[in-house]
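Below are the chains, spelled out letter by letter.
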Amino acid sequence: MQNRGALWIFTILLAVACFYQLSFSFFTGRIETKAALEAGFRTDSLFLATHEAGGDSTILDREAVFLGFENDELRRRADDKVYPLLGYTYAECKEKEINLGLDLKGGMAVTLEVDIPELVVNLSESSDDANFRTAVDNARRRMRQGDADFITLFGEEYTKLPGRAPLSAIFYTPERKDMFDREGSDDDYLQALRREAEAALSNTERILRTRIDKFGVAQPSIQKQQFSGRIQIELPGVKDKERVRKVLQSTANLEFWEVHDNEEIYAYLDQANSRLAERMGVAPANQDSIPAGEEAETVTTDGTTEEAPIDTVDTVQAEAASDTLDVNDYARRNPLFAVLTPAVFQTQAGGFSLARGAVVGNARLSDTAQVNRYLAMPEVVGVLPPDVKLAWAAKAEAVQMQGGGSAQLLNLYALRVPRGGKPKLDGSSIVNAAQDFNMKGDVEVVMQMNPEGAQIWKLMTGENVGKAIAIVLDELVYSAPIVQGEIAGGRSSISLGTGDLNKQIQEAEDLANILKAGALPAPARIIDETVVGPSLGAENIRLGMLSFIIALALVMVYMMLYYRHAGWIADLALVVNLFVLIGTLASLQAALTLPGIAGIVLTMGIAVDANVLIFERIREELRGGRAMKAAVDLGYKGAFSAIIDSNVTTLITALILYMFGSGPVKGFATTLGIGILTSLFTALFLSRLIITARLEKGKAFSVWSGWSANIFANANYPFMTKRRIYYMISGVIIAAGIFSMTTVGFNWGVDFTGGRTYVVKFQQDVRVDDLRTALEPRFMSEGGVQSTVNVKTYGGARQVKVTTNYLVNEAGADVDARVEERLNSGLGSTFGGYDIMESRRVDPSISADIKVSAITALSLALLFIFIYIAVRFRNWQFGLGGLISLAHDVLILLGLYSILYKFMPFSMEIDEAFIAAILTVIGYSINDTVVVFDRIREYLRDHKREPYDVVINKAINSTLGRTMNTSLTTLLVLLIIFILGGVAIKGFIFALLIGILVGTYSSIFMASAVVVDLLKGKDPARVD
């Protein structure tokens, strides 16, 4: 074997790289364990101190306080060097560690669709042009079929209509001259619409990222899909799904607020702090203060100082600055100021004075939830004047702390509430906004308003010269620029000053996008939602790892028993393969999901298959009288083409799964695809390096045990002469399946029909029929029409899966709550305590897309595999034989799912995961078929005078050892997962089990038989 030194170096470097990637999880885990312990200690101390003082600890949310302390500790340590050898910080390690999917850690995943058609209608100012409305409706209809993006479809539909006006007549207005060219062509307008659609999608994503920060999620995932106008979001650990729905689906609300100065507000906050201390049973802080009206230095917005009259600044701030004061004692005496630092500063004389401006204080990100709870309490609400509205800044600022490290601080603004409670101006008046430069070269944002908004803006700016006006989106302050003078005409510029040019430009673009988001709302609605309880996620981890370890152990034992020395070398290669696979997943930041674990275990079967092919070839050479070294060389050489061909066809299915799948399916495809590549390396190179090194050192090496030496060695079964019997067997099974598919149908999952599913776990055994009887009356559509309600045992007598299409076509923020209220009323009527472990909702619009993706994926897989085999074997008969064999496998699998789904004690839904199973079966089946075809091709070259059926029969018999060993090890792995891997993937694994059995059968009895019949007549001299 050439270049062994280079291969050893590469292997060692690869192992080091994988160890490096996996090491980050170790260091982040250590820090997070310490943070949890510290948070628990601080939480207990705070509650104990409050209780001992006789205070009311019910105003504190224990879980929220704990999470706040924990997040605060993690943020405090974000810049700590936690990786001693390489000097990485905790934040850097967190970005590089391996991620767990939602099904393994619990939480909520949603897919939101940005309503691009509604955006286009808004840009036309709701034009009533008949052709425009027709084009919009037709484009909407085609978009549901997955044809293309809406803007492209709209342009095509509008072009078809006779007598249409130019698009400029529909979209152009003087206020939007920066957006649309008055003399532009229809193509120019379509390009402008596409830019605005992309901007709307980006704006929505940006707004959602800001909103998601409110949930305190450690590692949220937000992915934008430009083509479909959809945004996929994962929120691990989130429990309050109602809050998530409300926050994510609410329309962006842009407002312009006048502000109060900090000097006006501080005294009220000080009074609120004292009242909260009294409620908690603690004497308020000493009220030694600066007398009202005394002159003190005050910080202005430009950083200079001046003398200004103030009311009070009490010695609470001196206590806060004291190093000797106990932190918990200070928190009890000053509950509000312990979490909200007032906007004061220390003077040169040692006293404290108030800062000028609209900012009244700041708080750590982790403390904002507790501040909000305090501000909502009657003691505080009763203190603040009715014209004061407090709002947080949208972005946190990193501040270096005196004790080392940094903290993320949020500013709190005081907004002035006008009569009527609403701001004088909102985002509906904004026509356009863009980043620009002023005459001095400074970065600015140019904003254009409509005529009505321009009039209001003129009055607001005229009344607030020298003061700030806060730009507020979704109750968060994005900017509070100072008004330099009255602005007439509706065109304004907001200067961002000087500094880092790139940073200033980015901030200006962000602010312009915020302003545009308020001007052109593109509503977003949830079209796919999954909620996984944390206990279910923990159970999935436990069962997934258990099945993985047992399956790995059994396969390793089998390989050692069957192949002896070669077996333990294959086992070592298998362990290295798994190590490299997981390390690669970590380096790609791919999330490990439950189907991903199934993919890893399936990869074990693929890796074993490559080694089995090699070892069976070596055994053949040894039986032919070759010496061991020559047999090894010829074995690797002979198995190479079969390994490459079989793995390429499986890789095709993995790539198609990745392209057209989503969520867990994509995770499975990622794992499977990477596993194929790593198994090729370990089987073709690593195992050979070890074997070669062993032989050169004169150590014993064997590829069989005494009992396994001659298994299938002299096999001579007449497969091809009985092929018509196999045709009949398959035909009967397929016919029964087709009959069931046409009469009984399938158990369609909500992926393809739209609807809702709930996994419910009861505290006692329940009867499915009784539960269905209780639920059906509660899911009656209007007019008395019965919606479908399907109740199925799901992993035991205490757990069920409820599926319904009730209100599936209705939209509205309250629909989910209405459905769940009816579900809860039925579940809680007579069945005792229960928990909803998992829920899923799929909108009919996305279910249509999933159908299209599934059909496309299946079609492409079959097409590419046919092309590859036909080209690789230079014979279309081989390609067609493989294609017919795959169609045979798919039809039998579909038929069995139709026949059995009512009788099996687990869910057998036709959903996205089932399509993944079919594609995996296709990949495995063609893998097996290609190995047989590869041997047939070899035998056809060596036995040119014999008939086709005889040659093909010999080729099949010669590969029986490989076929049976690969199938048995793979089936063994899948059986372990099926038994121990948890109910969540039982249906998925059952499909794989059936598919592997059928695929093994078809590669022997169908694919080769079809090739024999297709080749008849090609060379009459060779026909039986």
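Placed above this text is the structure.
Residues numbered from 1 in each chain as written. Predicted model: local features only at pLDDT ≥ 70, side-chain atom pairs only at ≥ 80, totals over all residues. Heavy atoms only, no water.

Describing the sheet that holds strand E22 (residues 491-495)
Spatial strand order, E18-E19-E22: three strands in an open sheet with antiparallel pairing. Edge positions in the sheet fall to strand E18 (430-437) and E22, since each of these pairs with one other strand and no more. Across the sheet, the mean angle from the axis of one strand to that of its neighbour is 20°, orientation sign disregarded. For strand E19 (residues 443-449) and E22, the ladder comprises five bridges, and the chain directions are antiparallel. Bridge pairing in E22 links Met-447 to Ser-492. (Pairing = 2+ DSSP bridges. Helix = DSSP H or I, 4+ residues; strand = E, 2+ residues; numbered from the N terminus. Axes fitted to C-alpha atoms, helices over the stretch in contact; angles between N-to-C directions.)

Looking at the pattern of salt bridges
If you walk through the whole model with that rule in mind, you get 27 salt bridges. A salt bridge links Arg-142 to Glu-157; the nearest nitrogen and oxygen atoms lie 3.0 Å apart. Here the residue Arg-142 occupies a position in helix H6 (residues 130-144), and Glu-157 occupies one in helix H7 (residues 150-160), the gap between them amounting to 15 residues. Across the pair Asp-928 and Arg-962 runs a salt bridge, and its minimum N-O distance is 2.1 Å. A residue pair is termed long-range when its members are at least 10 positions apart, and Asp-928 in helix H29 (residues 912-942) and Arg-962 in helix H31 (residues 960-980) qualify at 34 residues. Residue Arg-962 is classed as buried on the basis of its relative accessible area of 4%. (Salt bridge = Lys/Arg side-chain N within 4 Å of Asp/Glu carboxyl O. Buried < 20%, exposed > 50% of the residue type's maximum accessible area, 1.4 Å probe, protein only.)

So, the pairing of E18
Here E18 pairs with E19 via seven bridges, running antiparallel. What sits directly across from Asp-436, in E19, is Glu-444. Counting the residues that bridge the hairpin from E18 to E19 gives five residues, and of these Gly-441 lies at a positive phi of roughly 90°.

Here's the deal with a negative patch on the surface
Taken together, Asp-181, Glu-183, Asp-187 and Asp-188 make up a surface patch of like negative charges. If you trace the backbone, Asp-187 turns up in helix H9 (residues 186-212). (Patch = residues over 30% accessible without salt bridge, like charges linked within 9 Å, V, L, I, M, F, W, Y side chains within 5 Å. Areas by Shrake-Rupley, 256 points an atom, 1.4 Å probe, with all protein chains shown as cover. Lys, Arg positive; Asp, Glu negative; His and termini not counted. Charge placed at Lys NZ, Arg CZ, Asp CG, Glu CD.)

Observations concerning the packing of aromatic side chains
How two aromatic rings sit relative to each other is given by the distance of their centres and the angle of their planes. One pass over the structure, following the stated rule, counts 32 aromatic pairs. Note on Tyr-20 and Tyr-88: the rings are 6.5 Å apart at their centroids and 50° apart in plane angle, and the pair reads as tilted. Of this pair, Tyr-20 sits in helix H1 (residues 4-52) while Tyr-88 sits in strand E2 (residues 88-89), and the two are 68 residues apart along the sequence. Under the relative-accessibility criterion, Tyr-88 is labelled partly exposed at 21%. Ring centres of Phe-150 and Phe-154 lie 6.2 Å apart, and the angle between their planes is 20°; this geometry places the pair in the stacked category. Of the two residues, Phe-150 and Phe-154 are both situated in helix H7; the distance of four residues between them amounts to about one turn of the helix. Pairwise contacts between aromatic rings join Phe-132, Phe-150, Phe-154, Tyr-158, Phe-171, Phe-180 and Tyr-189 into one cluster. One Lys or Arg, Lys-986, reaches over the ring of Phe-978 and ends 5.0 Å from the middle of that ring. (Phe/Tyr/Trp six-rings, centres within 6.5 Å; stacked < 30°, edge-to-face > 60°. Lys NZ or Arg CZ within 6 Å of the ring centre and 35° of its normal.)

These results come straight from atomic positions and should not be treated as a statement about function.
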